[in-house]
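# A closer look at the structure
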Amino acid sequence: MKIAFIGGGNMANALIGGLVKGGLSSSNLYAIDVNSDVCARLEAQWHIRTSAMISPALHHYDALVLAVKPQQLKEIAHAIAPYLNRQVVISIAAGIRAATIQDWLGGYTRIVRAMPNTPASIGMGVTGVTALTSVNAQGRQLAETVLAAAGQVIWCEHEKQIDAITAISGSGPAYVFYFIEALEEAARQLGFDDAQSRSLALATVNGATQLAMQSNEAVSTLRERVSSKGGTTAAALTSFTADGVKEAIMRGAFAARARAEQMADELGQT
């Protein structure tokens, strides 16, 4: 399995690191980035081959991972199109639909579109994936192997679900960080110093998350177990309910999905 990355930023670095740690030989990995510092870092960290320019060497790779900014993808697609014959093209650029990429690649159809999230940088990401129908089972497995190097992979039956994935797991870490910020600030106002507030918030969120992941019970059941009638937790949850916190979070996720759809329309017209 030989994989080339177009773009060597944080997400590419996470995938490359996961693949190497998973046993793939560095000699089977290749990264292209116009930034010489990025190339030098990848070479030093993972001992892979790098280049600053698109080259015919791409002919020899099984998968090409497009890990560039959405605004750069059209130019990159045009540049790699002459070197495509059998490779699976995996795009992790946000907001660009597979049909748009296909058009930019001159009609090439072995395309997989993925939406990872930032915890992929520590191997704990979750990536939503969809593929054009021309990608066979072997191609889908190849894409999953690449993307699973940074965490969990969830296949979407319809590409439209990628916008929903963006709203939940793609943007989701920011929602969690927002909650942690609020919990930290509450701790500070209750008299704890900055270090204690951070520790309390992070340990609480991490512990609750791990408990939910290791339990077969619904999250609502776990919540009810913490909340005794008339107790302190119930007081907090009653306040949250009165303020419409749950509904506000859901509205935020729906707003993120709507923006993802809008961005796909805008970027597809560029």
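The structure this text deals with has already been given above.
For every chain, the first residue of the written sequence is number 1, and numbering continues from 1 onward in sequence order. In keeping with the predicted nature of the model, local features appear solely for residues at pLDDT of at least 70, side-chain atom pairs appear and are counted solely at 80 or more, and the whole-chain, interface and lining totals rest on all residues. Based on all heavy atoms of the structure, the side-chain values leave hydrogens and waters out of the count.

### Digging into the packing of aromatic side chains
Aromatic rings from Phe, Tyr and Trp, taking only the six-membered ring of Trp, are treated as a pair when their centres fall within 6.5 Å; an angle between ring planes under 30 degrees marks them as stacked, one over 60 as edge-to-face, and anything in between as tilted. Counting across every chain of the model gives one aromatic pair. Between the aromatic rings of Tyr 30 and Tyr 61, the centroid separation amounts to 5.5 Å while the plane-to-plane angle is 25 degrees, which identifies the pairing as stacked. Placement of the pair is Tyr 30 in strand β2 (residues 29-32) and Tyr 61 in the loop between β3 (49-51) and β4 (63-66), with a sequence separation of 31 residues. The ring of Tyr 61 is capped by Lys 2, whose NZ or CZ atom sits 4.9 Å from the centre of that ring. Whether a charge lies above a ring is judged from NZ of Lys or CZ of Arg, which has to be within 6 Å of the ring centre and within 35 degrees of the ring normal. Just above the ring of Tyr 30 sits the side chain of Arg 49; from NZ or CZ to the centre is 4.5 Å. Going along the chain from the N terminus, every DSSP run of H or I of four or more residues is numbered as a helix, and every run of E of two or more is numbered as a strand.

### Some details on the pattern of salt bridges
Salt bridges are defined as contacts in which a side-chain nitrogen from Lys or Arg sits within 4 Å of a carboxyl oxygen from Asp or Glu. If you walk through the whole model with that rule in mind, you get nine salt bridges. Asp 265 is paired through a salt bridge with Arg 97; the nearest N and O atoms lie 2.8 Å apart. Of the two residues, Asp 265 sits in helix α11 (residues 245-268) while Arg 97 sits in the loop between β5 (88-91) and α4 (98-104), which places them 168 residues apart along the sequence. A 1.4 Å probe rolled over the protein chains alone gives each residue an accessible area, and that area as a share of the maximum for its type sets the label: buried under 20%, exposed over 50%, partly exposed in between. With a relative accessible area of 40%, Asp 265 lands in the partly exposed category. Here Arg 97 falls in the partly exposed class, since its relative accessible area comes to 26%.

So yeah, pure geometry; function would need other evidence.
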